[in-house]
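Listed here are the chains, written in short residue letters.
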Amino acid sequence: MRLSRFILSRRKCSAFGLLCGLTLLGASLLTETASQSKPRYSAEIRRTSHGIPHITAKDMGSLGFGEGYAFAQDHLCSLADQVVKARGERARFFGPGENNRHLNSDITFRALGIYEQARSMLQSMPKEQREMIEGYVAGYNQYLSEVGAKGVAGWCRGKEWVFPITAEDVVAYNQSIVVTSTNFADMIATATPPKNETARAEQVGIPDFEQASNGWAIGSERSAGGRGMLLANPHYPWVGANRFWEKHLVIPGQLDVYGVGLLGSPGVAIGFNRAVAWTHTVSAGKRFTLYTLDLAPGNPTRYLYDGKEREMTSKLISVAVRQTDGSVKQVERRVFFTHYGPILNFPGFGWTAKRAVTIRDANANNVLSRSQWLAMNRARSLEEFKQAHAKYNAMPWVNTIAASADGRAWYADNSATPNLKPAALAAWIKRRESDPLTRSAWERGLVLLNGSDSLYEWADDPATRPGVIPFSRTPQLERKDFVFNSNDSFWLANPHQLLTGFSPLQGAEGTARSLRTRMNVLTLDDTRPDGPAGKDGKFTLDELAAAVLSNRSLSAELARGELVKRCQATSSVTLDGQSVDLSQACRILAAWDGRYETSSVGAVLWREFITQYEPAELQKDGALWHRAFNPTDPVNTPHTLTPDKNNESLLKLARAARLLAQAGIALDTPLGKLQFSDRNGGRIPIHGGEGAYDGIANFVNYAPNTTTLEPEVRPERIKGSRFLMKDGYPVNRGSSFVMALEYTAQGPRAQAFLTYSESGDPASPLYYDQTELFSAKKWRRILFTEAEIKADPNLKTIRVTSAN
């Protein structure tokens, strides 16, 4: 209570004399002191083995505060970097970047209004969600104030761009993950009107949307305990911003949820509570459509729409760019928009005097994904979990695979998908046959529509936000045996109940599946006594965990036997005019069991052989497979190595053997000698394989970090190989948060790996301890109950409170 308020109250009791006034003054001072001393936020952070934080607080604000503080201890650098990106200030601190990468990113983020959208979202957000975000920011900032920029652990220590953040920063960064159009930064920032009839814009690359994951939900019929089980196996980067951070969040009586979220994302995205466990996989559906526009003659910034001209709009964007001498210069670019969205400088299409290409993003207006995930976190039954999907319909680009404590398995793909009218879909399919541009786009997985015809506008449905397919028309399946997804479409969520009748923009039906998808089904649907689910065909927790790390290669199971027969019959071939002896290679493949364990001899040779085929050959009959895909048997087709006419398969084996020999690698080298993680400063052997070619559920490989700007030494690839580098097969992507869970009468019981470990500080043992566990397949028990947490020998507890 301030003095002015005391004076006002003093006037009211003047008739009662001095005693009343002194009493009021004393009460006022006591209230003021109490108000000043009582912190706004307070949370308990208990760290158990491997640094996992269990955060408990009385309300959402304090829970966010505890999470933000604990996260900053582990990964402050990553969020600091992404805040700079979300603000559109990368060029200010890091210069324009290679090929203007930073400049284009800044221009696009500002042109799309990501920060303005975040501010609007924050203002309209439900109170408790806003309080959680504000608490998260306060926790992050408090940790930063305690250690200072020079005391931060990791690659950003002492950098000028490490500063306190705001709630708008966190919302903007998370929204930049949700929307799709941010991935087109180079195309948006470089799209400029042609200066003449033949002018073409500079060429830029096409975004890579590849992400891989497996998700299994086991129902009561296939669970040894008769209750639900879940296998979470997202395949995400081991470096950069798209890593997961593990956490346990508790508000007594209100929330008790365990799992992971992307770095800098408050709450749990993949995880479990006492009623439901769930995971996500990246959907095969379409998140956007491209549009070609016929332009008005003589004016490339006006386009035709149903025969009438429309003027494009534009924004002049000014970005601060650091120069090589350290000075900062303002650079201006004008970004153009149609009523669909921004104009793109799309490779192969371009912006000419007659035609332009624009994009409409199904997630551009998706502002409720955080509300949906919070409702999922709180769900007390599978019905409430489904209701969260139905109410918000806000999953951005992922399938959901869930298991309930009462033994049900549920799959849904309600990710944001353009809602085209049936007539538009029919016309687009017909156009693919007659129009080379539309056909070429579709061959690259892109939907290209005629933006000058209103037929192709997205349809609105009152049940959901404008332009997207409502929840009631999304693919869903509930079963008592199992459901799964491995990034192919919804069609094969269970081989005994195919899902059909949906929009082609939601995914393909009746088409060949990837080798990894097929291996997932073969593992799940195997009820033989010697199968992965044991004699009774029902999974125990340990059997479920072992199944996902079985490292069986489907390409080897389908083709190795026949290849061995051929090389046993023909011990040498002539390759490029030289005789190549295949006898050793043949003996190695004959003795190999077709698995990609660290000790496996033959896996390296097989990978170099199978990757001699083109990616397009993996799912059809032709150069690789003799028996064609059959939509009535999608799990087992295509199959059988194509008969050789001129020793084609043996020549590929010879090339593989020669490539390894020229690289100084013995043909009998165990996989673990070459496939590794360097997180401990050395070489940690890693099992698993490349999903598309090796056909393994446990996907691991290498990909450059394109999200954060942390220093990275990129390996040099060996000429002639798809995956082999000069130092072997480095791993920095793939199986990330791997969790096997079962519900029991006592509640959830789970085990897991966070394959790249909990900390982002290379100097910490918590940067690589779980990588070593993953290498050895030593699952760690998830500690969820109070008794489990308190019994942990490495338990460390702190209470954090805000400064005011």
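Placed above this text is the structure.
Here's what I pulled together on the structure shown here.

Conventions and cut-offs
- Residues numbered from 1 in each chain as written.
- Predicted model: local features only at pLDDT ≥ 70, side-chain atom pairs only at ≥ 80, totals over all residues.
- Heavy atoms only, no water.
- Helix = DSSP H or I, 4+ residues; strand = E, 2+ residues; numbered from the N terminus.
- Rg over C-alpha atoms; globule rule 2.2 N^0.38 Å.
- Buried < 20%, exposed > 50% of the residue type's maximum accessible area, 1.4 Å probe, protein only.
- Contact = heavy atoms within 4.5 Å.
- Areas by Shrake-Rupley, 256 points an atom, 1.4 Å probe, with all protein chains shown as cover.
- Pairing = 2+ DSSP bridges.
- Core = buried A, V, L, I, M, F, W, Y, C linked by side-chain atoms within 4.5 Å.
- Axes fitted to C-alpha atoms, helices over the stretch in contact; angles between N-to-C directions.
- Parallel < 35°, antiparallel > 145°, perpendicular 65-115°, else oblique.
- Left-handed = near helix turned anticlockwise from the far one by under 90°.
- Nonpolar A, V, L, I, M, F, W, Y, C, P; charged D, E, K, R; others polar.
- Salt bridge = Lys/Arg side-chain N within 4 Å of Asp/Glu carboxyl O.
- Polar contact = N/O pair within 3.5 Å; in protein donor to acceptor, adjacent residues only side chain to side chain.

## Some thoughts on the overall build of the protein chain
Here's step 1: What the protein chain contains, in helices and strands, is 23 helices and 33 strands.
Here's step 2: Its C-alpha atoms give the protein chain a radius of gyration of 29 Å, near enough to 28 Å, the size a compact globule of 804 residues would have.
Here's step 3: Buried residues in the protein chain amount to 59% of all 804 residues.
Here's step 4: Pairs at least 24 apart in sequence give 69% of the contacts found in the protein chain among residues at least 6 apart.
Here's step 5: A total of about 31900 Å² of accessible surface is found on the protein chain, and carbon and sulfur atoms cover 51% of it.

## Here's the deal with the sheet that holds strand β26 (residues 684-685)
Here's step 1: Taken together, 3 strands build an open sheet; the order of strands is β26-β25-β28 and the sheet is mixed. Each having just a single partner strand, β26 and β28 (729-730) make up the two edges of the open sheet.
Here's step 2: Note: strand β25 (residues 675-677) against β28, 2 bridges, orientation parallel. Residue pairing for β28: Gln675 is matched across the bridge by Tyr729.

## Here's the deal with the nonpolar core
Here's step 1: Counting 137 residues, the largest nonpolar core has Leu63, Leu76, Phe244, Phe272, Phe385 and Met739 as the members making the most contacts within it.
Here's step 2: Considering each element in turn, this core owes the most residues, 14 residues, to helix α3 (residues 60-86).
Here's step 3: For Phe385, the residues in contact, after removing those within four places along its chain, are Val276, Trp278, Met376, Ala379, Thr400, Ala402 and Trp410.
Here's step 4: Counting residues in hydrophobic clusters, the runner-up holds 46 residues, among them Leu554, Val564, Leu671 and Ile696.

## Considerations on the environment of Lys726
Here's step 1: Structurally, the position occupied by Lys726 is in the loop between β27 (700-701) and β28.
Here's step 2: What makes Lys726 exposed here is its relative accessible area of 61%.
Here's step 3: It is 9.8 Å that separates the C-alpha atoms of Lys726 and Gly664, two residues lying 62 residues apart in sequence.
Here's step 4: Discounting residues that sit within four places of it in the chain, Lys726 has contacts with Glu716 and Ile718.

## Things to note about the sheet that holds strand β2 (residues 52-57)
Here's step 1: Sheet architecture is open: 10 strands sit in the order β19-β17-β16-β8-β7-β6-β5-β2-β1-β33, paired in mixed fashion. Two strands in the sheet have a free side with no partner beyond their single neighbour: β19 (476-479) and β33 (796-801). Recorded for the sheet is a direction-independent mean angle of 20° between the axes of neighbouring strands.
Here's step 2: For strand β17 (residues 409-412) and β19, the ladder comprises 4 bridges, and the chain directions are antiparallel. Considered in β19, the bridge of Tyr411 is made with Leu477.

## Let's talk about the side chain of Thr755
Here's step 1: Examined against the element boundaries, Thr755 turns out to sit in the loop between β31 (747-754) and α22 (769-776).
Here's step 2: For Thr755, a relative accessible area of 0% corresponds to the buried category.
Here's step 3: Discounting residues that sit within four places of it in the chain, Thr755 has contacts with Trp238, Ser735, Ser736, Val738, Gln770, Thr771 and Phe774.

## Some thoughts on the packing of helix α6 (residues 114-124) against helix α8 (residues 167-178)
Here's step 1: In the contact formed by α6 and α8, the axes pass within 8 Å of each other and the chain directions differ by 115°. For the element pair α6 / α8, the angle class is roughly perpendicular. For the pair α6 and α8, the sense of crossing is right-handed. Only Ala167, Glu168, Asp169, Val171, Ala172, Gln175 and Ser176 of α8 make contact with α6, whose side of the interface consists of Ile114, Tyr115, Gln117, Ala118, Arg119, Met121 and Leu122.
Here's step 2: Among the residues making up the contact of α6 with α8, the classes are represented as 8 nonpolar, 3 polar and 3 charged.

## Examining the pattern of salt bridges
Here's step 1: Counted under the stated rule, the structure contains 36 salt bridges.
Here's step 2: Between Arg46 and Glu786 there is a salt bridge whose closest N-O contact spans 2.6 Å. Placement of Arg46 in strand β1 (residues 42-48) and of Glu786 in helix α23 (residues 786-791) is noted, with a sequence separation of 740 residues between them.
Here's step 3: Two residues, Arg714 and Glu712, come together in a salt bridge whose shortest N-O distance is 3.2 Å.
Here's step 4: For Arg714, a relative accessible area of 48% gives the class partly exposed.
Here's step 5: Each of Glu383, Lys386, Asp406, Arg408 and Glu478 takes part in a single network of salt bridges with overlapping partners.

## A short note on the environment of Ser283
Here's step 1: By the element assignment, Ser283 lies in the loop between β8 (276-282) and β9 (288-296).
Here's step 2: For Ser283, a relative accessible area of 9% corresponds to the buried category.
Here's step 3: Residues Ser283 and Ile218, spaced 65 residues apart in sequence, show a C-alpha to C-alpha distance of 20 Å.
Here's step 4: Apart from residues lying up to four places away in sequence, Ser283 is in contact with Trp397, Val398, Asn399, Asp413 and Ser415.
Here's step 5: There is a polar contact of 3.3 Å between the side chain of Ser283 and the side chain of Arg287.
Here's step 6: Among the polar contacts made by the side chain of Ser283, one reaches the side chain of Ser415 at a distance of 3.4 Å.

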